[in-house]
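Residues per chain are reported as follows:
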Amino acid sequence: MSEDLLIAKISHGFDHLDADGDGLLTEQDHVLMGRSVARSLGHPTDSAEERRIVDAYLAIWREVHLPLLPSGAKAISRAQFLESTAALADDPAAADAVLGGLGRAYLAVADADGNGQVDADEFFAFQRGHFPHLRRIDADTAFAHLDRDGDGALSPEEFVTAIVEYWSSRDPQAPGNWWTGSPQGNPDPTTL
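Just so you know, these numbers come straight off a predicted model, no measurement behind them. (Residues numbered from 1 in each chain as written. Predicted model: local features only at pLDDT ≥ 70, side-chain atom pairs only at ≥ 80, totals over all residues. Heavy atoms only, no water.)

K.L.:
Help me understand the layout of surface pockets in this model?
P.N.:
Any empty space left between atoms is shown by rolling a water-sized probe over those atoms. Here the largest pocket defines a volume of roughly 390 Å³. The set of elements that each furnish at least two residues to the lining of the largest pocket consists of helix 2 (27-40), helix 3 (48-65), helix 4 (78-87) and helix 5 (92-110). Among the elements that take part in the lining of the largest pocket, helix 4 stands out by supplying 5 residues, more than any other. Here the lining of the largest pocket is composed, by residue class, of 17 nonpolar, 5 polar and no charged. (1 Å grid on protein atoms, 1.4 Å probe; cavity = no way out; pocket = protein on both sides within 12 Å on 5 of 7 lines; lining within 4 Å. Points joined across faces, edges and corners; volume = space filled by probe spheres on them. Helix = DSSP H or I, 4+ residues; strand = E, 2+ residues; numbered from the N terminus. Nonpolar A, V, L, I, M, F, W, Y, C, P; charged D, E, K, R; others polar.)

K.L.:
Looking at this model, I keep getting lost on helix 8 (residues 156-168). Mind explaining?
P.N.:
Count 3.6 residues to each turn of an α-helix, and residues three or four apart come out pointing the same way. If you check helix 8, its first and last C-alpha atoms are 18 Å apart, about what 13 residues at 1.5 Å a residue would give, namely 18 Å. Along helix 8, 10 of the 13 residues are buried, which leaves the element largely enclosed by surrounding structure. Of the positions making up helix 8, those classed as buried are Glu158, Phe159, Val160, Ala162, Ile163, Val164, Glu165, Tyr166, Trp167 and Ser168. (Expected span 1.5 Å × (residues − 1). Buried < 20%, exposed > 50% of the residue type's maximum accessible area, 1.4 Å probe, protein only.)

K.L.:
Sorry, what's going on with the pattern of salt bridges here?
P.N.:
Opposite charge on two side chains permits pairing when their charged atoms draw close. Enumeration over the complete set of coordinates arrives at 8 salt bridges. Taking the shortest distance from any N to any O, the salt bridge between Arg78 and Asp15 comes out at 2.1 Å. Here Asp15 lies in helix 1 (residues 2-17) and Arg78 lies in helix 4, a separation of 63 residues in the sequence. Take Arg78: its relative accessible area is 30%, and that puts it in the partly exposed class. The residue Asp121 makes a salt bridge to Arg136 at a minimum N-O spacing of 2.6 Å. Here Asp121 is found in helix 6 (residues 120-130), whereas its partner Arg136 is found in helix 7 (residues 136-146), with 15 residues between them in sequence. Among the residues examined, Asp121 registers a relative accessible area of 51% and is labelled exposed. The structure contains a network of salt bridges with shared partners spanning Glu3, Asp90 and Arg170. (Salt bridge = Lys/Arg side-chain N within 4 Å of Asp/Glu carboxyl O.)

Structure representation (structure tokens):
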């Protein structure tokens, strides 16, 4: 069951990272995600902030994904993504390095006011850029699970831990399972 949970989360995540829906994760998907997140955070098209966010997503492509691809490859298939991401569950050091790096890059984007943490409004705006159908009520419920100390903000540690748990934990009780707005990556919590 826990392996099914992990694969379901990774699959759900891939569906949204594949921004153009072609079944491959590419550099262009990262551009599209960056633009979507910038819009969700309220930045105008072609603004300096949009360019900064797109550049952050392109850095994720270059620094997180490309080094894991065979020489000359320009895309990651769903099967490759599922296999390589699921393997991180068995290597906590690699999960922390890869997913922690991803989390810190995301934090730099999500922390719109630059105060070093992510509040509920920033979390919703950031996540809505990735998950366009995310409802505010679901984002707020997820945020409550991720805010482990209950102080009303996600510290850098809480934010990064949520990402690492979402992509690599097999524990059905891990708070990070709520990263996408509902537990275990399921878009409809009523079906659990």
